[in-house]
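A look at the structure
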Amino acid sequence: MVRMSADERRESVIRAAVTEFSRGGYHGTSTEAIAKRVGVSQPYLFRLFPGKQAIFLEAARRCCRDVTEVFRRASDGLQGEEATKAMGDAYQALIADDPEKLLMQMQMYVAVAAAEAAGDREFGEALRAEWMEMYDVANLAMGADVDEATQFLAYGMLINVLVSMGFQSDHRVWAGFYDEVQPR
C-alpha cells in the first residue's frame, strides 16, 4: 500500500470535509465523521488542521475557489452577454454534476450568519474575501458592469435556494426564468 504524503492526506480531509459539512452543516458535523471518512484518527486530523473551524473554513474556501475557477474558465476570452451565459451554463453544470458544491455553499452562508450572530466576525472574513474574488471574476467578465454582475449573482442565489429546496424544473416557481437557467 502506498502511503500518502501529508499534502495528499490534507487534500483528502478537505474533500471529506466538503462531503460531511455539506450534509450536516458546521454544528451538525463531527470531526470524528470527517476522520472516519478519510480513514485517519482524530489526533492525526488535528495535526493537519488546528481544529474543526479550520477544517470548515478550508472546505468552504475550496468550494468558493472551485466556483470562481468555473467562472474564470467559462468566461475566458468572452465579454458581456456571452460571458454571462457561459458562466451561468458552467455554474448550472457544476451544481448538477456535484450537488455537494451547492450544499456546501448553503452551509457556508448559514455558518457565517450563525457566527456573526454570536459575535464572531472573524469566522466570515476569509469567506467574504473568497466570495468577493468570485464576484470580481464575474464582474470583470461582464465588463465591470456592476448592475449586470449584481443581477447575475442574484439570479444565481435564487437558483441555489430553489435547487436546494428541491423545486423540480417543471414547477411553476421557475416560470419567471429564461429556459436556459432552469435546472436540468
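Above this text is the structure in question.
Presented here is an overview of the structure given in this document. All values reported here derive from a predicted model rather than from experimental measurement.

What follows deals with the state of the cysteines. Per the stated rule, a full pass over the model turns up zero disulfides. Cysteine C63 shares no disulfide, and the gap to the nearest cysteine sulfur, in C64, comes to 5.8 Å.

What follows covers helix α4 (residues 52-75). Across its 24 residues, α4 extends 35 Å between first and last C-alpha, which sits within 8% of the 34 Å expected from 1.5 Å per residue. Remark: G77 follows α4 within two positions and exhibits a positive phi of approximately 80 degrees.

Where α4 contacts helix α6 (residues 99-117), the axes come no closer than 10 Å and their chain directions differ by 125 degrees. It follows from the interaxial angle that α4 and α6 lie oblique. Regarding α4 and α6, the two cross each other, and that crossing is left-handed. Residue-level contacts link F56, A59, A60, C63, C64, D66 and V67 of α4 to K101, M104, Q105, Q107, M108 and A111 of α6. Broken down by class, the residue content of the contact of α4 with α6 amounts to nine nonpolar, two polar and two charged.

Reading the values: the criteria
- Residues numbered from 1 in each chain as written.
- Predicted model: local features only at pLDDT ≥ 70, side-chain atom pairs only at ≥ 80, totals over all residues.
- Heavy atoms only, no water.
- Disulfide = S-S within 2.5 Å.
- Helix = DSSP H or I, 4+ residues; strand = E, 2+ residues; numbered from the N terminus.
- Expected span 1.5 Å × (residues − 1).
- Axes fitted to C-alpha atoms, helices over the stretch in contact; angles between N-to-C directions.
- Parallel < 35°, antiparallel > 145°, perpendicular 65-115°, else oblique.
- Left-handed = near helix turned anticlockwise from the far one by under 90°.
- Contact = heavy atoms within 4.5 Å.
- Nonpolar A, V, L, I, M, F, W, Y, C, P; charged D, E, K, R; others polar.

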